[in-house]
Amino acid sequence: MTQSFRITLLPGDGIGPEIMAVAVEVLKLVGSQLDLQFEFQSAPMGGVAIDETGSPLPEATLAACRQSDAVLLAAIGGYKWDTLPRHLRPETGLLGLRAGLGLFANLRPATILPQLIDASSLKREVVEGVDIMVVRELTGGIYFGEPKGIFTAETGEQRGVNTMAYTTSEIDRIGRVAFETAQKRGGRLCSVDKANVLEVSQLWRDRITALAPDYPDVELSHLYVDNAAMQLVRWPKQFDTIVTGNLFGDILSDAAAMLTGSIGMLPSASLGADGPGVFEPVHGSAPDIAGQDKANPLAQVLSAAMMLRYGLNQPEAADRIETAVLLVLDQGYRTGDIMAEGMTPVGCKAMGEALLKALG
Ligand code: NAD
């Protein structure tokens, strides 16, 4: 029986529409192969939405996202909107989308593809075979805790304050996403905190530990964040799935991503309790190469694969797309950002055509 999914597309700005076009063709082809039907609807967000409606996240766009099964986002922003007041900036639309859909879990994979191993700044033997997923809590912790602000103390001195706070329910819900993610991967989960110093981290560790019996097939370990940072660059292969709070996750997910050395290859997923998740590349709108058919569409295509795996529960379709990406790299096709000696340079469109051929 044909399964049908409503997908809201947010192509956004810069290279966004170019890379989104490739992902949509890939999804259509995989859908036709596996009897999956995608109903796509595009909506404006970011700079393009500011130009059209005066708002980076129009009500109608958020409503369309809420009514869909998943949201595929490309990238937003650009020089043109950089000087607008904060509430009108493209990034404000992104925060509004996360808040509006209750997206508390951010999944950031860092996978070293054998074909791109030399793009990493670390030694081949250190990064070969690395396949890490960082699950970062996205809507709590020190970025949102109260009190926050810059206050004048009784001495007349100024004092900057932020508060790192997590409730048990906030920890439990991200913990469950992380355990379930580890189940879909290598079955190992490392929780990262600073429980030797911070009470909030002690609660984090206690709650994550308390969840473990519900997931007997997942092997749980704990690391302090300073040690985790060291281990990530010393021997990253020891990690499978990492779960951590907002601040530690912000830093560790970027460090893990850079093990791969190539920003045009990195997808991400943001998930809520129920309702649609948002799937998007880690990179920005690359205004410097927009409209020149130079963008690497693979992070966008891999984001579509994440959408199938984590948003729509279609692992076979996700596998097909990921296999096709490996195949085009094996065939030597490279966009400018991942170009290496002896490879075949292609633009965004030609990379898309190669992918369609690889999917067969
Ligand atoms: P960027 O990621 O857009 O670009 C950094 C560099 O990487 C550029 O040289 C760019 O050409 C290159 N690059 C990025 N993606 C590429 C791809 N798919 N293929 C080939 N090359 C690629 O970061 P930036 O230059 O700091 O930001 C540009 C704009 O994007 C800004 O307005 C920023 O606010 C916005 N931004 C948006 C997001 C998002 O939509 N989630 C994330 C980061 C930055």
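Overview of the structure. Worth saying up front: this structure is predicted, and the values here are computed from it rather than measured.

## Brief notes about unusual backbone geometry
Here is step 1: Of the consecutive residues E146 and P147, the connecting peptide bond is found in the cis state with omega at 0°.
Here is step 2: On the secondary structure map, P147 appears in strand β6 (residues 145-152).
Here is step 3: In the Ramachandran plot, D293 falls in the positive-phi region, its phi being about 55° despite a non-glycine side chain.
Here is step 4: In this fold, D293 is placed in the loop between β12 (278-281) and α10 (298-311).
Here is step 5: One non-glycine residue with positive phi stands out, namely N313, at about 55°.
Here is step 6: With respect to the helices, strands and loops of the structure, N313 is situated in the loop between α10 and α11 (315-330).
Here is step 7: Note on N313: relative accessible area 55%, which makes it exposed.

## A word on the pairing of strand β1 (residues 3-12)
Here is step 1: With 7 of its 10 residues buried, β1 lies for the most part within the structure.
Here is step 2: As judged from the 7 bridges shared by β1 and strand β2 (residues 36-42), these two strands associate in the parallel manner. Bridge assignment links I7 to a residue of β2, and that residue is F40.
Here is step 3: Once the chain exits β1 it traverses helix α1 (residues 16-34) before rejoining the sheet at β2, and the crossover so formed is right-handed.

## Topic: the pairing of strand β8 (residues 188-193)
Here is step 1: Of all 6 residues in β8, 5 are buried, a share of seventy percent or more.
Here is step 2: Sheet topology places β8 next to strand β9 (residues 219-224); 6 bridges connect them, and they run parallel. Residue C190 lies in a different strand from β9, and its bridge partner there is S221.
Here is step 3: Regarding the hand of the β-α-β motif, the stretch spanning β8, helix α7 (residues 199-211) and β9 is right-handed.
Here is step 4: In terms of strand pairing, β8 meets strand β10 (residues 241-244) through 4 bridges, oriented parallel. Bridge assignment links S191 to a residue of β10, and that residue is V243.

Criteria and thresholds
Residues numbered from 1 in each chain as written. Predicted model: local features only at pLDDT ≥ 70, side-chain atom pairs only at ≥ 80, totals over all residues. Heavy atoms only, no water. Helix = DSSP H or I, 4+ residues; strand = E, 2+ residues; numbered from the N terminus. Buried < 20%, exposed > 50% of the residue type's maximum accessible area, 1.4 Å probe, protein only. Pairing = 2+ DSSP bridges. Right-handed = clockwise from strand over helix to strand, strands pointing away.

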